[in-house]
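Letter by letter, the chains look like this.
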Number of protein chains: 8
Amino acid sequence: MQIAPKSRIVFIGDSITDCGRSRPIGEAAGLGNGYVALFDACWRVRYPVHGLRVLNFGVSGDTIRDVSKRWGDAIDSQAETVALMIGINDVWRQFDRPDRPELGVPLDEYTQTLDRLTRDLGVRKRATVLLTPFFIEPNRSEPMRAMMDRYGDVVKGIAGHYGVACLDTQQVFDRLLVSMHPYELADDRVHPRTTGHMALALALLDALHP
Amino acid sequence: MQIAPKSRIVFIGDSITDCGRSRPIGEAAGLGNGYVALFDACWRVRYPVHGLRVLNFGVSGDTIRDVSKRWGDAIDSQAETVALMIGINDVWRQFDRPDRPELGVPLDEYTQTLDRLTRDLGVRKRATVLLTPFFIEPNRSEPMRAMMDRYGDVVKGIAGHYGVACLDTQQVFDRLLVSMHPYELADDRVHPRTTGHMALALALLDALHP
Amino acid sequence: MQIAPKSRIVFIGDSITDCGRSRPIGEAAGLGNGYVALFDACWRVRYPVHGLRVLNFGVSGDTIRDVSKRWGDAIDSQAETVALMIGINDVWRQFDRPDRPELGVPLDEYTQTLDRLTRDLGVRKRATVLLTPFFIEPNRSEPMRAMMDRYGDVVKGIAGHYGVACLDTQQVFDRLLVSMHPYELADDRVHPRTTGHMALALALLDALHP
Amino acid sequence: MQIAPKSRIVFIGDSITDCGRSRPIGEAAGLGNGYVALFDACWRVRYPVHGLRVLNFGVSGDTIRDVSKRWGDAIDSQAETVALMIGINDVWRQFDRPDRPELGVPLDEYTQTLDRLTRDLGVRKRATVLLTPFFIEPNRSEPMRAMMDRYGDVVKGIAGHYGVACLDTQQVFDRLLVSMHPYELADDRVHPRTTGHMALALALLDALHP
Amino acid sequence: MQIAPKSRIVFIGDSITDCGRSRPIGEAAGLGNGYVALFDACWRVRYPVHGLRVLNFGVSGDTIRDVSKRWGDAIDSQAETVALMIGINDVWRQFDRPDRPELGVPLDEYTQTLDRLTRDLGVRKRATVLLTPFFIEPNRSEPMRAMMDRYGDVVKGIAGHYGVACLDTQQVFDRLLVSMHPYELADDRVHPRTTGHMALALALLDALHP
Amino acid sequence: MQIAPKSRIVFIGDSITDCGRSRPIGEAAGLGNGYVALFDACWRVRYPVHGLRVLNFGVSGDTIRDVSKRWGDAIDSQAETVALMIGINDVWRQFDRPDRPELGVPLDEYTQTLDRLTRDLGVRKRATVLLTPFFIEPNRSEPMRAMMDRYGDVVKGIAGHYGVACLDTQQVFDRLLVSMHPYELADDRVHPRTTGHMALALALLDALHP
Amino acid sequence: MQIAPKSRIVFIGDSITDCGRSRPIGEAAGLGNGYVALFDACWRVRYPVHGLRVLNFGVSGDTIRDVSKRWGDAIDSQAETVALMIGINDVWRQFDRPDRPELGVPLDEYTQTLDRLTRDLGVRKRATVLLTPFFIEPNRSEPMRAMMDRYGDVVKGIAGHYGVACLDTQQVFDRLLVSMHPYELADDRVHPRTTGHMALALALLDALHP
Amino acid sequence: MQIAPKSRIVFIGDSITDCGRSRPIGEAAGLGNGYVALFDACWRVRYPVHGLRVLNFGVSGDTIRDVSKRWGDAIDSQAETVALMIGINDVWRQFDRPDRPELGVPLDEYTQTLDRLTRDLGVRKRATVLLTPFFIEPNRSEPMRAMMDRYGDVVKGIAGHYGVACLDTQQVFDRLLVSMHPYELADDRVHPRTTGHMALALALLDALHP
């Protein structure tokens, strides 16, 4: 996927994206300390004259329902490219808070919302890259991994339908999980340490180019 | 297992036991907020005239190797009964820090040390209850669960050999995991929220009596 | 008293109930560290598949007059079962702040308000359990204990009149006070340490069942 | 009891005396915020040219056993007059920590130690005023009040035996308890608010004169 | 000046009165640590059955202009007796901030405002005691002392005119300054240490009686 | 330069290396947030089965004189490979603290010390990579840049003499400075933001391989 | 430039002026710790009877665009003399944040705004002193220094056009840079340590007189 | 008094000198925020090529007795010039702590100690400047001012006797007190705000030259 010189890219997502970014929108020193900041640094090192401007609009704890509510603010950032990674909390809440079913987002609502948001980006002529959600668990029959894979399939399906770019972040982690136990990457199998964020950043660097 | 009136019981262990206890030895308001404090409260409610004195000597991060080093201090507490739950970090470090093999404790060292400590308690005429380590993971073929089970078997074997009491804490959690996903009990599958500590306390209350 | 599966129970009360709960309503990790959190943990251990959802709506310092003012918020929580323990501050303020008589709540106002609130719960078809207030003082002729007992009698009378469940928390503490001096349970004879909260939680566990 | 101009008086005691004094010895702005500071201020207002120098050597939590251990430091302050109020913790620990009998001080040890310390002050030609311990509880048959009265009797007896001054602080509080409930004076019946400290200071002002 | 049983007295003033009181109105444990709290304690010790209720409405930095602006709130406290000590900042700002003449309050404005406030208290049938401002400086020809004395004369004049009680606080300090250097009482000659506050409290205790 | 599987590499240096690492030696989550941590993450992503263990032994403010003093501790880490980047402070102190000439390290002392340390590593059979110091200033005739280049030449010369690896970090920054002003990379031209650290990490990743 | 006795001077500027001043306007002890406070102190020492009142209205990060927005508040301070030093951030943002061109202020906008503000001061009959922006870099061909010089020329031109006073702060620093390296004066070549602020204060003292 | 290029000057004194300096010896950014730092900045601005190195060795609360005890450390600083301003606390303690006569230093001890220290500096060939103590009180018959003047006379006498430089700091303040009330310069008449420190710094600048 090609990124125009001196254009903007906004990253929308949950705590994986947020990572302590500045408010209202993270930029430059306010990108936080996750994959967004690492991608920004890698890109500047590799393409020092390109002039890409990276914005971080992640919010810890967000589901796609929350992203949908603040969609207007995301659009207002006027970024030519939108990168969206959402869905981990949509699934996680169904497992760690089963007593509060209103906190998770069921698959059909997730599908419809993502479809609507992606279509909206097309209408607005924004370049789009969808990142699947992931779960740092190698066992594909584990219930939460199985459900996360279904949400990831939805992301890939919608990306294909609208012809936008897609990054399979689960695959990025699965490659590492061949030789690493989940605890090497994250205490809670969700929030990666620097290695996991670097893996995401380098995968993005492969997927995007000037 | 019978506990004599007005006697002392000392709990030795890792962060599951520690839970913010006071130093040098936790007692009364200094028992922390884990299973030791909950057991103490339950016992006082059930047996208000018994007069058991509960001591907490847990240290976050400890393996059996660390417990062995501070064994003298534990003995000096002069408790008539010793409860020992150790081994989680012995196993965990082998999975989350494979690059530092010196941090974990291999099964044979674990076995020999636990055997030596248990024998020492017998020599000193201290009543003893060994608690197995546990892992909040229902899948018995998951590598860390499988290894934890082997360490738990060692505990049960040594308890049987010396004829001391034993509490299978893995069984306590397995009973809950039938209907709960691990995330309901603990974010990192190791440090339980109050429900898990209460399960341990109530199991201890069943295992001990005046 | 029977609690329906997957239903909600809201605890309304004063600082004994509050214990550092989250705002606006305490739930899950936000239940505080008092009897409500301990009851929640005990219930989950004993009935792991029942799915009761526990809410904490205690406010430190509240009298029944304050509870009456925030009654609408309590009702809005939509809990099928309401547990109400109020009255300690209504009495206490008459003894520690005699210069500010407006702070306490006299017996007749207490009676009328509790009657009205209980009737309202009946009209709304909410299952109800009234908990008496308590004072950790064994001498029944001590003036504040004598008054607290009169308030407790009102609670029991109203519970009987409307046929709702009632837990005599004074009795729970009186049982412990047979062998313990008040200072073992609480420095100020009002705010119990963990033993007192556990006594309340276990008494509730006896009073409620799936 | 007469106090010489430009002489020193040292107050030795527990938390009632300590009240946040400076270390190693409280003086001037470091007298804390209890009866010692209030007495100092009252004395300066009443006798502005007298030049008494007030020292505070109270330590929170102390029993007479602790006072005995730091007796040398107290003597080293070279105060011509010594005021000693100790015994509350000696009794209290027997009621709030019955599981740790080593924390309280039994009556005979209290008696022997106080006798020895008082005799020592006589040998050293230090003017002495003994203050009884107190308990803010009007019911003389309450167990802790009854025991505190016995300790107070010991203080009065020893003062009489050695012919030194004595201030009955229990009587100071009993006079207030005629019309005040204990909660007006102290939440825990031991640590008074300003009114109680002022009562002690004014009683001292009556007992001592230039 | 006689104070009715179970009536209220409100103290209005500047930082000397404020001394860290609670907001919105200081009462009981919220009286701060200045002369108001000491007077309250002395009164309770001397007249334990009288039931006076003491309110603190001092605000650090206030001049009479500020007091006039918050007069409505003071009146709303419904205290039967009003004690007013104001004027120190009115004078002080003319000496430490000569570049900002708008901060001080000139004598004529001070006079007119105090006259108006005192008359208003008479109309409202509030018992009134006016306290003069003071300056802890023995040299009456020192410029700020000379000016403070003129403001104090205004207070005494208005008190005489309306026949209300008056306490000459400058006299209270002058008595101490006979034998003490100003530094013994206050580093900045304005904010007294405990001795000065106690002198004010005891003078008030002499001036008021049940 | 080839790195053996499951071997250790220790980074020794100044604040550029330190970046908030843990004490006594940074490892895993304690690598800080500079180029060492980024290199570690990149390496793990690229070579997940290699098992390199990265140690951070940087100390903010160090010159080669300080490194020489703690050389024993560095050696004791038993790392098979040593990466050394030192010299920035040796030069900087000569410019920002000219009044304290003892703080900087002159070129001849720098040369002799680096020669000695490098030889020592050879004797001990440690693989070695020397990193030149750098200055984020594009103007080579600027006095501090000119001096830094001379120190860098010494590093390259010694590396050549002993046949060890060398990374020219000045070149890494010079490549970025072609299109970036120094302020884009660092406020003080010395401590880079993430982009500069990433440039160092990626250059190291190119220089080292399994 | 002559300053009238007992008049006011307001300093408007960016972080160099701000230096931790009080809000809403810094005065007296609230002047911060930069050149404004030092000038105030020097002036008072040299002209102790003059009575100049110094106000600080600097805001860290401000460009002339920000100053223009808060111009009304600056005018409302009613200072007879206005000292304005602005422009450093207008230039700096073009070098450290080239990706956000909206943050800097181009030369023409700077020129027009400064012209308008200066004219406005003339209309309002405020005495005016314009201070050029500066950059602590001796190399006049360095790109940011070159640009800063052009902004400084604009300031000097406008001051000449309207016949108001002008202080060339760049010259003040250039004089020091003859013998000092920029690092002696400031880590980031913008925010001077005390020496630089003192140089500004003394230059102002030369430029202004009673 | 002439100061050699690239030599050192150490300032020894009390809190006026200390002003938050770094430990063990303040230098550069660690000079604190008093007259020492201001003198350092003024000197650098006026004589940028001179290279004087300024050390701050003031200790809050010190009397000449304390200075004498740490004399060895002061000498070890190897400064070619020693500036000593001590005596304020020697006098002050006699007025604010008359109950602790051991805290002040009587005139004869002050005289003998200062004589001994000054002679020692002569023996060691250190250039010396003695600064008198001061008191920000214009009334020369005020008791503390009168005593401070006597101590100042001692300083001037010893300076004359040994032929070393002397700065009359009392005169510096007296000049300001002609038109300023003490409160404009210091709340407590001892610790000046910036104006007073600047007056000292400028007076030093007049007294010393390259």
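Residues numbered from 1 in each chain as written. Chains lettered and ligands numbered in written order. Predicted model: local features only at pLDDT ≥ 70, side-chain atom pairs only at ≥ 80, totals over all residues. Heavy atoms only, no water.

1. Remarks on the sheet that holds strand β6 (residues 165–167) of chain B
Residue and element names in this part refer to chain B. Applicable threshold: Any two strands with at least two DSSP bridges between them are considered paired. Secondary structure is summarised from DSSP: a helix means a run of H or I of at least four residues, a strand means a run of E of at least two, and numbering begins at the N terminus for each. Here, residues are in contact when the closest pair of their heavy atoms is within 4.5 Å. Here the axes come from fitting lines to C-alpha atoms, over the contacting stretch only for helices, and the angles between their N-to-C directions go from 0 to 180 degrees.
With respect to topology, six strands assemble into an open sheet ordered β2-β3-β1-β4-β5-β6, the strand pairing being mixed. Looking at strand neighbours, the two that pair on one side only are β2 (26–27) and β6, the edges of this open sheet. Across six bridges, the pairing between strand β1 (residues 8–13) and strand β3 (residues 53–58) is parallel. If you follow R8 over to β3, its bridge partner there is R53. Those strands touched by helix α2 (residues 35–46) are β1, β3 and β4 (81–85), and its axis lies near 175° from that of β3.

2. Some details on the pattern of salt bridges
Two side chains bearing opposite charge may form a pair once their charged atoms approach each other closely. This is how the line gets drawn: Any Lys or Arg side-chain nitrogen found within 4 Å of a carboxyl oxygen on Asp or Glu counts as a salt bridge.
Under the defined criterion, the tally for this structure stands at 180 salt bridges over all chains. Put simply, D149(E) and R145(E) hold a salt bridge, and the shortest N to O gap is 3.0 Å. Residue D149(E) and its partner R145(E) are both found in helix α7 (residues 143–162); the two are separated by four residues, about one turn of the helix. Ionic contacts of the salt-bridge type, sharing partners, join the residues E137(A), E142(A), R189(A), E137(B), E142(B) and R189(B) into one network.

3. Focus: the relation of the copies chain D and chain C
Stated precisely, the cut-off is as follows: When the copies are superposed, the least-squares fit draws on C-alpha atoms of residues that have pLDDT of at least 70 in both.
Here chain D sits on chain C after a turn of 180° about the axis and a move of 0.0 Å along it, with an RMSD of 0.0 Å. What we have between these two chains is a two-fold relation. When each C-alpha of chain D is compared by its distance to the rotation axis, D188(D) comes out closest, at 2.3 Å. Both copies share a contact surface, since 100% of the interface residues of chain D are interface residues in chain C too.

4. Regarding the nonpolar core
This is how the line gets drawn: To qualify as a nonpolar core, a set must consist of buried Ala, Val, Leu, Ile, Met, Phe, Trp, Tyr and Cys residues joined through side-chain atoms within 4.5 Å. Throughout, exposure labels follow a simple rule: accessible area from a 1.4 Å probe, protein chains only, divided by the maximum for the residue type, with under 20% read as buried, over 50% as exposed, and the rest as partly exposed.
Judged by nonpolar contacts, the single largest core of 147 residues is most densely connected at F39(D) and F39(E). If sequence neighbours within four positions are ignored, F39(D) has contacts with F11(D), L52(D), V54(D), A201(D), L204(D), L205(D) and L208(D).

5. Here's the deal with the sheet that holds strand β2 (residues 26–27) of chain E
A sheet is described by the order of its strands in space; here six strands give the open sequence β2-β3-β1-β4-β5-β6 (chain E), paired in mixed fashion. Taken across any chain shown, the strands that pair with only one partner, and hence form the sheet edges, are β2 and β6 (165–167) of chain E.

6. Topic: the packing of helix α2 (residues 35–46) of chain G against helix α10 (residues 194–207) of chain G
Residues and elements named next belong to chain G. The cut-off we apply is this: Roughly parallel means an angle under 35 degrees; roughly antiparallel, over 145; roughly perpendicular, 65 to 115; everything else is oblique. Each helix crossing is assigned a hand: it is left-handed if the near helix lies turned anticlockwise from the far helix by less than a right angle, otherwise right-handed if that turn is clockwise.
Axis separation between α2 and α10 bottoms out at 8 Å; the angle between their running directions is 45°. Compared by their axis directions, α2 and α10 come out oblique. At the point where α2 passes α10, the crossing takes the right-handed sense. Contacts between α2 and α10 involve Y35, L38, F39, C42, W43 and R46 from the former and T194, H197, M198, L200, A201, L202, L204 and L205 from the latter.

7. Things to note about the interface of chain F and chain A
Rules: Summed over both partners, the accessible area lost on bringing two parts together, with a 1.4 Å probe, is the buried area. We define a polar contact as two N or O atoms separated by no more than 3.5 Å, with the added condition that, inside protein, one atom must be a possible hydrogen donor and the other a possible acceptor, whereas residues neighbouring each other in sequence contribute only through side-chain atom pairs. Polarity classes work like this: nonpolar for Ala, Val, Leu, Ile, Met, Phe, Trp, Tyr, Cys and Pro, charged for Asp, Glu, Lys and Arg, and polar for all others, with Gly in that last group.
If you look at the interface, chain F gives 18 residues, while chain A gives 18 residues. Summed over both sides, the interface of chain F with chain A buries roughly 1700 Å², with 73% coming from carbon and sulfur. Together, V45(F), P48(F) and M198(F) form the three largest contributors to the area buried by chain F at its contact with chain A, with a combined 29%. At the boundary of chain F with chain A, the tally comes to two salt bridges. R44(F) is the salt-bridge partner of E184(A), the closest N and O atoms lying 3.9 Å from each other. In this assembly, chain F and chain A are joined by two residue pairs in polar contact (both at pLDDT 80 or more). Put simply, the parts of the chain that give the side of chain F that touches chain A at least two residues each are α2 (35–46), α8 (169–177) and α10 (194–207) of chain F. By residue number, the principal contributor to the side of chain F that touches chain A is α2(F), which donates six residues. Here the side of chain F that touches chain A is built from residues that sort into eleven nonpolar, three polar and four charged.

8. Quick notes on the interface of chain D and chain C
Counting residues at the interface gives 16 residues for chain D and 16 residues for chain C. When the area that chain D buries against chain C is broken down by residue, the three leading residues are H181(D), Y183(D) and R189(D), summing to 39%. There are four salt bridges connecting chain D and chain C. The tally of links between chain D and chain C comes to four residue pairs in polar contact (both at pLDDT 80 or more). Those elements giving two or more residues to the side of chain D that touches chain C turn out to be α5 (88–96) and α9 (182–185) of chain D. With three residues, α5(D) is the single largest residue contributor to the side of chain D that touches chain C.

9. Examining α5(D)
In terms of burial, α5(D) is a largely internal element, eight of the nine residues being buried. As for α5(D), its buried residues are in contact with α9 (182–185) of chain C together with α1 (15–18), α3 (64–69), α6 (107–123) and α7 (143–162) of chain D.

10. Some thoughts on empty space enclosed by the protein
Residue and element names in this part refer to chain H. So the rule is basically this: Cavities and pockets were defined on a 1 Å grid built from protein atoms only: a cavity is a group of points that admits a 1.4 Å probe but offers it no way out, a pocket is an open group of points flanked by protein on both sides within 12 Å along at least five of seven lines, and a lining residue is one with an atom within 4 Å of any such point. Grid points are joined across faces, edges and corners, and a volume is the space filled by probe spheres set on the points.
Taken as a whole and assessed by the stated rule, the structure comprises four cavities of 30 Å³ or more. Here the largest cavity defines a volume of roughly 40 Å³. In this structure, the largest cavity is lined by L84, I86, Y110, L114, L130, L131 and V155. When residues of the lining of the largest cavity are traced back to their parent elements, those giving at least two are α6 (107–123) and β5 (127–131). Here the residues of the lining of the largest cavity sort into seven nonpolar, no polar and no charged.

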